[in-house]
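Survey of secondary and tertiary structure
Residue-level listing of the chains:
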Amino acid sequence: MIDLAQFNRLGDAEAVIRRCPKALVLDHHLEDNPSGDLHFIDTSYAAASEIVFDLFLEGGIPISRAAAECLYVGLATDTGGFRFGNTNAGAHRRAAKLVETGIDVARISGLVFDAITPAKAALLQRVLERLETAENARVAYSYITARDMEETRANGEDVEGLVNYARNLEGVDAGLLFREVDNGAKVKVSMRSTNRVNSAAVLKRFGGGGHAGAAGATLEMPQAKAMKDVLDAVRAAVREGAA
Ligand SMILES: [Mn+2]
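Anyway, here's the lowdown on the structure attached to this text. Please read these numbers as outputs of a predicted model, since none were measured by experiment.

Some thoughts on the environment of K120
Of note, K120 is situated in helix α6 (residues 118-129). Sequence-wise, K120 and T152 are 32 residues apart; in three dimensions their C-alpha atoms are separated by 7.9 Å. Not counting residues up to four positions away in its chain, the partners in contact with K120 are E157, D158, E160 and L162.

This is how it looks when you write it as structure tokens:
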């Protein structure tokens, strides 16, 4: 398992991994009680793909162009295009080594960061229309319903990154996006924050996890209640961070 350390976050792969005699975990998230048998968990890595990169180096395994592309995508996405607070010298050093293999950085970046599907554009319209702020505009949030997903023919991938529009609003310390899943039986929350608020700590009490600057949780309750409960906690955290 790479980039996560809990069986219950594996989705469809959970059943398969649980049947394996041993599960190896390579991760860089804060994790008190990881699943699996063997663990290499180091939060100093900006990206989990860097751990895989280091295994290639340690093992003296040549990095093919295809492998370099995958490792670079992992590194670029986990650091938000080398812009997030976790971006460090090690991330840039490993990126340099990957670029030296001859990968097409502009093509990869275009596909990963710039290309937007029509479904995503339609979702984004709705997300921006509903964008609200709270706590003197230090919290921004929006939501997506199960019906939005149907009407725009969007999938989970189209939702990725939309939370950033809430966080990127000037003066905002915590940006959130709520999304109904399982026909409204559950709500997925994504949270992004500045260093004044710890997203992982806020969402931990809702069974979620992640990093201080980026975390997520899945709540089994109606969207309206999930939004109220989580936003109450976020507002408290923002007030605390300001104190
Ligand atoms: Mn990661």
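Having put the structure on the table, let's press on.
Some details on the sheet that holds strand β3 (residues 132-134)
Taking strand neighbours across the sheet as the criterion, the 6 strands line up as β3-β4-β5-β6-β8-β7 in an open arrangement whose pairing is mixed. Since the sheet does not close on itself, it has two edges, and those belong to β3 and β7 (209-210), each with one partner. Note that strand β6 (residues 186-193) and strand β8 (residues 214-219) share 6 bridges and pair antiparallel. Paired with K188 across the strands is T218, a residue of β8. This element, α6, spans β4 (139-144) and β5 (174-181) of the sheet and lies at about 130° to β4.

Observations regarding the side chain of R192
Looking at the element boundaries, R192 is found in strand β6. No salt bridge forms around the buried R192; measuring N to O, its nearest opposite-charge neighbour E160 is 7.8 Å away. Beyond its immediate chain neighbours, meaning those up to four positions away, R192 contacts V163, N164, R167, D173, A174, G175, S199, G213, A214 and A215.

Cut-offs applied
Along each chain, residues carry numbers from 1 onward, in the same order as the chain's sequence is written. In keeping with the predicted nature of the model, local features appear solely for residues at pLDDT of at least 70, side-chain atom pairs appear and are counted solely at 80 or more, and the whole-chain, interface and lining totals rest on all residues. Note that the side-chain values use all heavy atoms of the structure and ignore hydrogens as well as water. Put simply, DSSP H or I for four residues or longer makes a helix, DSSP E for two residues or longer makes a strand, and each gets a number counted from the N terminus. A contact between two residues is defined here by any heavy atoms of the two lying within 4.5 Å. Any two strands are treated as partners once DSSP identifies two or more bridges connecting them. To obtain an axis, a line is fitted to C-alpha atoms, over the contacting stretch when the element is a helix, and the angle between two such axes runs from 0 to 180 degrees between their N-to-C directions. When accessible area is computed with a 1.4 Å probe and restricted to protein chains, residues below 20% of their type maximum are described as buried, those above 50% as exposed, and intermediate ones as partly exposed. His is not counted, nor are the chain ends; Lys and Arg add positive charge and Asp and Glu add negative charge. What counts as a salt bridge is simple: a side-chain nitrogen of Lys or Arg found within 4 Å of a carboxyl oxygen of Asp or Glu.

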